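Descriptive structure summary
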Amino acid sequence: MHSHNLTDWQHDHVFGQDRKQAGEKRSFIIMLVTLVMMVVEVIAGLVYGSMALLADGLHMASHAVALGISVLAYIYARKLAHDRGFAFGTGKINSLAGFASAVLLGAFAVSMAVESVTYLINPRAIAFDQALLVAFIGLVVNGISAWALAGTPHDHGHDHGHGHEHDHGQAHHHAHHDDHEHDHEHHHHDHNLRAAYMHVLADALTSVLAIAALFAGKYWGAAWLDPTMGIVGAILVARWSVSLMRGAGAVLLDRQVGDTHLDAVRTAIEQDSEDKVADLHVWSIGPGIHAAAIAIVSHEPRHPDHYRRLLPAQSRIVHTTIEIHTCTGKH
C-alpha cells in the first residue's frame, strides 16, 4: 500500500470568510446613526402627537437592532472562519442573520399596523410643523444610509476551490486545487447586507409616508391619513420581510440553485463528450459562493481536474465533490 502525504490533499473551508466584508463597516456606522435618529423620532412623535412619526421612530428601533445583528454576524463569521467544526465554512451565518432580521422586520410591521389602527380609532391632536421637521430630517438620514448600503463596493471573492472524485469500480483518485479567483460578487447575494439595506429602506419609506400624511393633515385637514399611512407602510414592510425570509431561508435549507444555473453546469460537463450527468446538486454555502455534488457516468473517466475545469466560472462553485461511474455498456 502506497504511503501518502495527506497534507497534499487536505484543505480548509474558509472560502474568504475570514476577511472583513464590504458591508461590515458601513453597517456599523449606519447602526449608530439609526440609533440617534430613532431616539429623536420617538420623542418627537410622543411630544407632537404624530402616529406616523412615532411609528417611524419605533420602526427605526427595530432597524437599529437588525443592523446590530448584521454587524455581529459579520464579526462572528470572520472570527470563526477557521473553525473546522463548520463543514462548509461560516458563510451561512450571513443568511442566518438575514433571516433573523427579516423576522424582526415582520414583527415590527405587525406592531406598526396595530398602533396605526389604534390611532385611527382614537385620533390625537398633531403638532404638524414640528412633526414635519423631524420627519424630513429622518428622511434625509434614511436616504443617505440606504444610498450608502446600496453603493457598498463589490467584494472580490477569494475562492479556495477543490474537487474530490470517487471513481466506482476503479482505483480512487483525489484532487485538491488551490485556485485564487477574483470574480465580482454582487452584494445582493449577501443576505445580511440585504437585510440591513431593507431595514434602512423601510425607514425611508415610512418617513416618506409620514411626510405625505402630515402635509395632508396640515393643509387639507385629513388627519386620518397619518395612521392610514402607518398601515400602508406596515403592509409594504411585511412584504419585504417575507421576501427576505424566503431568500435567506432557501440558503439555510440548502435549496438547489435555479434551473438556469444547474443547466449551465450540466451542459458544461456533457458537451463535446459522451459523458452524462446522472445526479447534480448545487447549493449556496455563503454570499455568492456554492458547493456542488456531481455524479457522472462515463465510458472513459477523466482525471478530476478535467471535470472541474469544465465548470463555468460564473457558477462560483468553490467546493466540488465528483463521483464517477464507469459505464461498460453503450448509451
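Structure: see above.
Residues numbered from 1 in each chain as written. Predicted model: local features only at pLDDT ≥ 70, side-chain atom pairs only at ≥ 80, totals over all residues. Heavy atoms only, no water.

On to the pattern of salt bridges. Taken as a whole and assessed by the stated rule, the structure comprises 2 salt bridges. Between Asp254 and Lys92 there is a salt bridge, with the nearest N and O atoms lying 2.0 Å from each other. With Asp254 in the loop between helix H6 (225–252) and helix H7 (259–270) and Lys92 in helix H3 (residues 91–121), this residue pair connects regions lying 162 residues apart in the sequence. Residue classification places Lys92 among the partly exposed positions, given a relative accessible area of 23%. Of the charged contacts, one joins Asp129 and Lys218 as a salt bridge, the two residues approaching to 2.4 Å between their closest N and O atoms. In this pair, Asp129 sits in helix H4 (residues 128–150) while Lys218 sits in helix H5 (residues 191–220), placing the two residues 89 residues apart along the sequence. Its relative accessible area of 34% is what places Lys218 among the partly exposed residues. (Salt bridge = Lys/Arg side-chain N within 4 Å of Asp/Glu carboxyl O. Helix = DSSP H or I, 4+ residues; strand = E, 2+ residues; numbered from the N terminus. Buried < 20%, exposed > 50% of the residue type's maximum accessible area, 1.4 Å probe, protein only.)

If a strand is regular, its side chains alternate between the two faces of the sheet. Bridge count for strand S6 (residues 289–298) against strand S7 (residues 317–326) is 9 bridges, and the pairing is parallel. By the bridge assignment, Ala291 is partnered in S7 with His319. In terms of handedness, the path from S6 via helix H8 (residues 304–310) over to S7 forms a crossover that is right-handed. (Pairing = 2+ DSSP bridges. Right-handed = clockwise from strand over helix to strand, strands pointing away.)

Tracing the backbone shows His290 in strand S6. Not counting residues within four places of it along the chain, the set of residues in contact with His290 comprises Val257, His261, Val282, Trp283, Ser284, Ile285, Ser315, Arg316, Ile317, Val318 and His319. (Contact = heavy atoms within 4.5 Å.)

One way to put it is that H3 packs onto H5 with a least axis distance of 7 Å and a crossing angle of 20°. Taken together, the axis directions place H3 and H5 in an arrangement best described as roughly parallel. Contact residues: Asn94, Ser95, Ala97, Gly98, Ser101, Leu105 and Met112 in H3; His191, Asn192, Ala195, His199, Ala202 and Thr206 in H5. In the contact of H3 with H5, the residues fall into 5 nonpolar, 8 polar and no charged. (Axes fitted to C-alpha atoms, helices over the stretch in contact; angles between N-to-C directions. Parallel < 35°, antiparallel > 145°, perpendicular 65-115°, else oblique. Nonpolar A, V, L, I, M, F, W, Y, C, P; charged D, E, K, R; others polar.)

What follows concerns the nonpolar core. Within the largest apolar cluster, 15 residues are counted, with the highest numbers of intra-cluster contacts made by Val265, Ile269, Leu280, Val282, Ile294 and Ile296. Not counting residues within four places of it along the chain, the set of residues in contact with Val265 comprises Leu280, Ile294, Leu311, Pro312, Ser315 and Ile317. (Core = buried A, V, L, I, M, F, W, Y, C linked by side-chain atoms within 4.5 Å.)

Let us look at the packing of H4 against H5. For the pair H4 and H5, interaxial distance at closest approach is 8 Å and the crossing angle is 155°. Accordingly, the angle class assigned to the pair H4 and H5 is roughly antiparallel. With respect to the hand of their crossing, H4 and H5 are arranged in left-handed fashion. The class makeup of the residues in the contact of H4 with H5 is 19 nonpolar, 5 polar and 3 charged. (Left-handed = near helix turned anticlockwise from the far one by under 90°.)

Unusually for a residue other than glycine, Asp254 sits at a positive phi of about 55°. For Asp254, a relative accessible area of 38% gives the class partly exposed. One non-glycine residue with positive phi stands out, namely Asp272, at about 60°. By the element assignment, Asp272 lies in the loop between H7 and strand S5 (276–286).

Before going further, it helps to examine a nonpolar patch on the surface. Nonpolar side chains collect at one region of the surface, where Phe28, Ile29, Leu32, Val33 and Leu35 lie side by side and expose about 390 Å² of accessible area between them. With respect to the element layout, Phe28 can be found in helix H1 (residues 22–48). (Patch = residues over 30% accessible without salt bridge, like charges linked within 9 Å, V, L, I, M, F, W, Y side chains within 5 Å. Areas by Shrake-Rupley, 256 points an atom, 1.4 Å probe, with all protein chains shown as cover.)

With that settled, consider the packing of aromatic side chains. Inspection of every chain in the model, using the stated rule, returns 2 aromatic pairs. Here the aromatic rings of Phe136 and Phe215 are separated by 6.3 Å at their centres, their planes lie at 80°, and the arrangement is edge-to-face. One end of the pair, Phe136, is in helix H4; the other, Phe215, is in helix H5, with 79 residues separating them in the sequence. According to the relative accessible area criterion, Phe136 is partly exposed, its value standing at 39%. Residue class for Phe215 comes out partly exposed when judged on its relative accessible area of 32%. Their ring planes at 15° and their centres at 5.7 Å tell us that Phe215 and Tyr219 sit as a pair that is stacked. Of the two residues, Phe215 and Tyr219 both sit in helix H5, 4 residues apart, roughly one turn of that helix. (Phe/Tyr/Trp six-rings, centres within 6.5 Å; stacked < 30°, edge-to-face > 60°.)

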